[in-house]
Amino acid sequence: MIMKELQKKDLQYIWHPCSQMKDYEDFPPIVIEKGEGAYLYDFTGHSYLDAVSSWWVNLFGHCNPRINKAIKKQLDQLEHVIFANFSHQPAIELAEKIVDITPPGLNKVFFADNGSSAVEVALKLSFQYHQQAGQHNKTKFVALTDAYHGETVGALSVGDIDLYNKIYKPMLLDTIKVPSPDCFRCPYGQERSSCQAPCFEQMERAVEAKHHEICAVIVEPLVQAAAGMKIYPPQYLSKLRALCNQYKIHLIADEIAVGFGRTGKMFACEHANISPDMICLSKGLTGGYLPLSLAVVTDEIYQAFYCDYKELKAFMHSHSYTGNPLACAAALATLKIFEEDNVLEQNKAKSAQIKELVQSFAHGHPYIGEFRQIGMIGALELVQDKASKEPFSWDKRVGYQIYQKALQEGLLLRPLGNVLYFMPPYIVNDKDIEFMVTKAFRAINQYFNLP
Ligand SMILES: *Cc1c(COP(=O)(O)O)cnc(C)c1O
């Protein structure tokens, strides 16, 4: 009863994100009463295994006792304070830790309060850096097709997923888009295992032709997540680092989705052994508790803004909730769990178990075009026809219908078009993993009327 009333009020007052609200007529919002570990519980007593970590943010489960405790402690100390001229211990400790664990050379931490804002910070920093250096023509950003960097106007400009940005194109920045690696349908006929990223030639050509106009290249290292967990080889990143060095262009790594262990290493850039000039972090940073983001940059960039008052070289960017102490405390507790529980090592077995199980179900499956995996990200791409890799047309909403069936099975998946993915919190155990994969395939097979 309480569920129905809440749903009615919800729809009376709330406009939900990333949704066609009309869908909610036959599929009202699931109102969650509580969360515990990898599970969410609604007001009717149904539980859902959160296989998407609540939009990729939750690393160590809902209501994690250690993170809860840290936030409660901070709450009685200081909830928030202006971050210009003022500071606080959680932010200082967090910045020190972040500098320590991010790739070498990233030494200064700029705080913001959500992923898109961190991307805006990075773009503005690069733009301003080049303006101040007298390179007034360097005003453009290079990004990959199928990229996703957030929803604010600057971040959308470097994104390239029609669903999110097509309608806004007239109001977006003019950016240079380079075809992204497409390993599932590789036009170069490469195998994933041996690929040296020949597709990088397209990036090379674009940058060579326009480097006078370019201030930065921004990429999601190794996984274009929102595009459907498109995984590409680390060689692409090594080549990109070298190219950016050659033309003195900033390399911005948007690790908002892949940072904090998702790919099996703390940061995806580590797979290629590179340091970007700036790294954007958010999502898992606070263990999925509170909004917080960081743009971590090199000393070189920081120094270019450091001067007396002859010129206005300061970076005049701020958000009201910049460096919120509660969020910093959550982030510190999250990083402590990484240290204390040897999480990256523990995740290897979990990742292997997911792979083994999925492969046993996917073997010979008529509609699974590919299973791809890196660390704690696993993705199934559905196709109409395995030989031609023909996708299902988007208006069939195959993913959405499987999503609904999975919910009935007690599993929260949230497919991206034809791609179903597993991105569970790192605290899932053997049983959870078995539940997750078994139920996902039950939902898939129900949809296709397969046994
Ligand atoms: C989610 C995401 C963002 C945007 O973060 P928000 O906190 O949702 O604004 C940016 N880049 C990538 C790669 C993301 O996955």
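Preceding this section is the structure that the text describes.
Only a predicted model underlies this, so the values are computations on that prediction, with no experimental measurement involved.

Caption draft 1: Summary view of the side chain of Asn 58. Residue position: Asn 58 is located in the loop between α2 (53-56) and α3 (65-75). Relative accessible area serves as the criterion here: at 2%, Asn 58 is assigned to the buried category. Among the polar contacts listed, one links the side chain of Asn 58 to the backbone nitrogen of Phe 60, at a separation of 3.4 Å. Residues contacting Asn 58, with those up to four places away along its chain left out, are Ser 53, Arg 262, Gly 287, Gly 288 and Pro 425.

Caption draft 2: Summary view of helix α8 (residues 200-210). Every buried residue belonging to α8 is among Phe 200, Met 203, Ala 206 and Val 207, and all of these are buried. For α8, the buried positions fall inside an angular range of 125° around the axis, keeping them on one side. Those residues of α8 that are exposed and aimed more than 90 degrees away from the buried face are Arg 205 and Ala 209. Each element contacted by the buried residues of α8 is listed here: β5 (140-144), β6 (176-178), β7 (214-219) and α9 (234-247).

Caption draft 3: Inspection of the environment of Val 296 at higher detail. Along the chain, Val 296 turns up in strand β12 (residues 293-298). Sequence separation of Val 296 and Ile 252 is 44 residues, and the distance between their C-alpha atoms is 9.9 Å. Those residues in contact with Val 296 that lie beyond four places of it in its chain are Ile 98, Thr 102, Leu 106, Asn 107, Lys 108, Val 109, Asp 277, Met 278, Ile 279 and Leu 281.

Caption draft 4: Up close: the sheet that holds strand β2 (residues 39-42). The four strands are arranged β1-β2-β3-β15 in an open sheet whose pairing can be described as mixed. Whereas interior strands pair on both sides, the edge strands pair on one side only; in this sheet they are β1 (32-36) and β15 (411-412). Of the strand pairs in this sheet, β2 and strand β3 (residues 47-50) are connected by three bridges, and their pairing is antiparallel. Its bridge partner lying in β3, Tyr 41 is registered against Ser 47.

Caption draft 5: Spatial organisation of the packing of α3 against helix α11 (residues 325-341). Where α3 contacts α11, the axes come no closer than 8 Å and their chain directions differ by 145°. At the point where α3 passes α11, the crossing takes the right-handed sense. For the pair α3 and α11, the contacting residues are Arg 66, Ile 67, Ala 70, Ile 71, Gln 74 and Leu 75 in the first and Pro 325, Leu 326, Ala 329, Ala 330, Ala 333, Thr 334, Ile 337, Glu 340 and Asp 341 in the second. Considered class by class, the residues forming the contact of α3 with α11 number ten nonpolar, two polar and three charged.

Caption draft 6: Fine view of the site of the ligand. Every residue close to the ligand is listed here: Trp 56, Asn 114, Gly 115, Ser 116, Tyr 148, His 149, Gly 150, Glu 220, Asp 254, Ile 256, Ala 257 and Lys 283. Asp 254 has a polar side-chain atom sitting 2.6 Å from a nitrogen atom of the ligand. Side-chain polar atom of Lys 283 to an oxygen atom of the ligand: 2.6 Å apart, as the coordinates give it. Here the ligand loses 83% of its free accessible area of 380 Å² to cover by the protein chains. Considering only residue class, the shell around the ligand consists of four nonpolar, five polar and three charged.

Caption draft 7: The arrangement of the pattern of salt bridges in detail. For the structure on display, the rule yields 19 salt bridges. As a salt-bridge pair, Glu 340 and Arg 66 come within 3.0 Å of each other at their nearest N and O atoms. Placement of the pair is Glu 340 in helix α11 and Arg 66 in helix α3, with a sequence separation of 274 residues. Given the relative accessible area of 49%, Glu 340 is considered partly exposed. One salt bridge in this structure joins Asp 277 and Arg 241, with 3.0 Å as the shortest N-O distance. Of the two residues, Asp 277 is situated in the loop between β10 (250-254) and β11 (278-281) and Arg 241 in helix α9; the sequence distance between them amounts to 36 residues. Taking the relative accessible area as the measure of exposure, Asp 277 reaches 14% and is therefore buried. A cluster of three or more residues bridged by salt bridges with shared partners is formed by Arg 185, Arg 192, Glu 370, Arg 372 and Glu 381.

Rules and cut-offs
- Residues numbered from 1 in each chain as written.
- Predicted model: local features only at pLDDT ≥ 70, side-chain atom pairs only at ≥ 80, totals over all residues.
- Heavy atoms only, no water.
- Helix = DSSP H or I, 4+ residues; strand = E, 2+ residues; numbered from the N terminus.
- Buried < 20%, exposed > 50% of the residue type's maximum accessible area, 1.4 Å probe, protein only.
- Polar contact = N/O pair within 3.5 Å; in protein donor to acceptor, adjacent residues only side chain to side chain.
- Contact = heavy atoms within 4.5 Å.
- Arc of directions from axis to C-beta.
- Pairing = 2+ DSSP bridges.
- Axes fitted to C-alpha atoms, helices over the stretch in contact; angles between N-to-C directions.
- Left-handed = near helix turned anticlockwise from the far one by under 90°.
- Nonpolar A, V, L, I, M, F, W, Y, C, P; charged D, E, K, R; others polar.
- Near = heavy atom within 4 Å.
- Areas by Shrake-Rupley, 256 points an atom, 1.4 Å probe, with all protein chains shown as cover.
- Salt bridge = Lys/Arg side-chain N within 4 Å of Asp/Glu carboxyl O.

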